[in-house]
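Fold and geometry: a report
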Amino acid sequence: MTMRRWISTIDSHTAGHPTRVVTGGVPPLKGDTVEARAEDFRARFDPLRTFLLHEPRGHAAMVGVVMTESTRADFGAFFLGSYKYLEMCGHATIGLAVTLDHMGLIGPADAPHSSFTLEVPAGIITVHVKREQGMVAAVTFENVPAHVAACNVLVTAAGVNVSADVVWGGNWYGLIAARAAGVELAPSGVSHAMAVGAALKAALNAKITAGAVPGASRPVDSILFYETEADDEGLVSRQLVVLESNKFDRSPCGTGSSARLAQMVARGELRLDQPIRTRNILGVDFTATARAVDGQPGAIAPHIVGLAHITGEHRFVLAAGDPLPDGFLCR
């Protein structure tokens, strides 16, 4: 059988959410920065994104990472979503770190720590890998600064009337209390949460686009539903990120956790340097801490700690005559 395309990847999951790191098969990209090369990929090679992330080789929640060179950091990378390109992705950064360790590219396996810088479209981040007995035990990334753009924006959709905070955490979020929206933060509540979240996202973005939300200049990418609780170890933010009507983040969400930190600090619910755990609906935690940002009042520097696990190494092919060469997604 004749093959028209070959793409190699290493796959992982971070607290349940998949990351597909492309390790071969992408043509050379043009541009002086990672952001420019991501735009070149979008303009000339977008069918590779849908080929890798959409069915039958992927699904709506699949996230891809394309590595590229950087003149500003140790590595460069940009993130592919099933529907759009992402300026930053926290769970995928953790997955990328574990993948680079798996490939032997960030230091010897017997070293207790390795660090590297990563240029992404949102900026430069620093990533730390902790090892125990030759295995990655934790990945910490120092995210781009996060800040609250607008507070208590009233939104009505799907039969609910709630207030949302609009927050940048590497992507734009509308943060909404889960109970106020009638959303259950459990696996059994996901379908309802996606329907409500997608409706609230559309309503919030309509207000932002119309200029009715002072401070918010861009539409939000996702809705983050949250609840706060406490146990003997401290504060826990239980949360579920809805990206589309058929797509939610299985992980606690790295950029969403960054946005949540900024919101809690702005509200006086969290101190700088006070760690919290952000927990997904599967009961898996990230640890998140807000640090000060020099020269940026109102912004915080999120430090997010999580772990990913390799799930497979793949070589995807396009056979001649395939009637769905670019893949498909059904809502």
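For the structure, see preceding data.
What counts, and at which threshold
- Residues numbered from 1 in each chain as written.
- Predicted model: local features only at pLDDT ≥ 70, side-chain atom pairs only at ≥ 80, totals over all residues.
- Heavy atoms only, no water.
- Helix = DSSP H or I, 4+ residues; strand = E, 2+ residues; numbered from the N terminus.
- Rg over C-alpha atoms; globule rule 2.2 N^0.38 Å.
- Buried < 20%, exposed > 50% of the residue type's maximum accessible area, 1.4 Å probe, protein only.
- Contact = heavy atoms within 4.5 Å.
- Lys, Arg positive; Asp, Glu negative; His and termini not counted.
- Charge placed at Lys NZ, Arg CZ, Asp CG, Glu CD.
- Phe/Tyr/Trp six-rings, centres within 6.5 Å; stacked < 30°, edge-to-face > 60°.
- Lys NZ or Arg CZ within 6 Å of the ring centre and 35° of its normal.

Digging into the overall build of the protein
Within the protein, the regular secondary structure consists of 4 helices and 18 strands. Against the compact-globule benchmark of 20 Å for 331 residues, the protein has a radius of gyration of 19 Å, which places it among compact chains. Taking the principal axes of the C-alpha coordinates as reference, the protein spans close to 55 × 45 × 40 Å. Looking at the 331 residues of the protein, the share that counts as buried comes to 55%. Of the contacts made within the protein by residues no fewer than 6 positions apart, 62% connect residues no fewer than 24 positions apart. Across the protein, 28 positive and 32 negative side-chain charges occur, with their mean positions spaced 5 Å apart.

Brief notes about the packing of aromatic side chains
Enumeration according to the criterion identifies 5 aromatic pairs in this entry. Ring plane angle 85 degrees and centroid distance 5.4 Å describe the contact between Phe75 and Phe116, whose orientation is recorded as edge-to-face. With a gap of 41 residues between them, Phe75 in strand β4 (residues 75-80) and Phe116 in strand β6 (residues 113-120) connect regions that are remote in the sequence. Owing to a relative accessible area of 18%, Phe75 belongs among the buried residues under this scheme. An aromatic cluster is present here, built from Phe41, Phe45, Phe78 and Tyr85 joined pairwise through their rings. Arg5 extends its terminal NZ or CZ atom over the ring of Phe51, reaching a point 4.7 Å from the ring centre. Of note, Arg260 hangs over the ring of Tyr226, and the distance from its end group to the ring centre comes to 4.0 Å.

Section: the side chain of Thr278
Along the chain, Thr278 turns up in strand β15 (residues 276-279). A relative accessible area of 0% places Thr278 in the buried class. Filtering out sequence-adjacent residues up to four positions away, Thr278 remains in contact with Ser237, Gln239, Pro252, Ser257, Val284, Asp285, Phe286 and Ala288.

Structural notes on unusual backbone geometry
Cis geometry is found at the peptide bond from Glu55 to Pro56, where omega equals 10 degrees. If you check the backbone angles, Asn152 has positive phi at about 55 degrees while not being a glycine. Counting through the fold element by element, Asn152 comes out in strand β9 (residues 146-157). Taking relative accessible area as the criterion, Asn152 reaches 52% and is therefore assigned exposed. With a phi close to 70 degrees, Asp273 is a non-glycine residue in the positive phi region. As for its position among the elements, Asp273 is in the loop between α4 (254-267) and β15.

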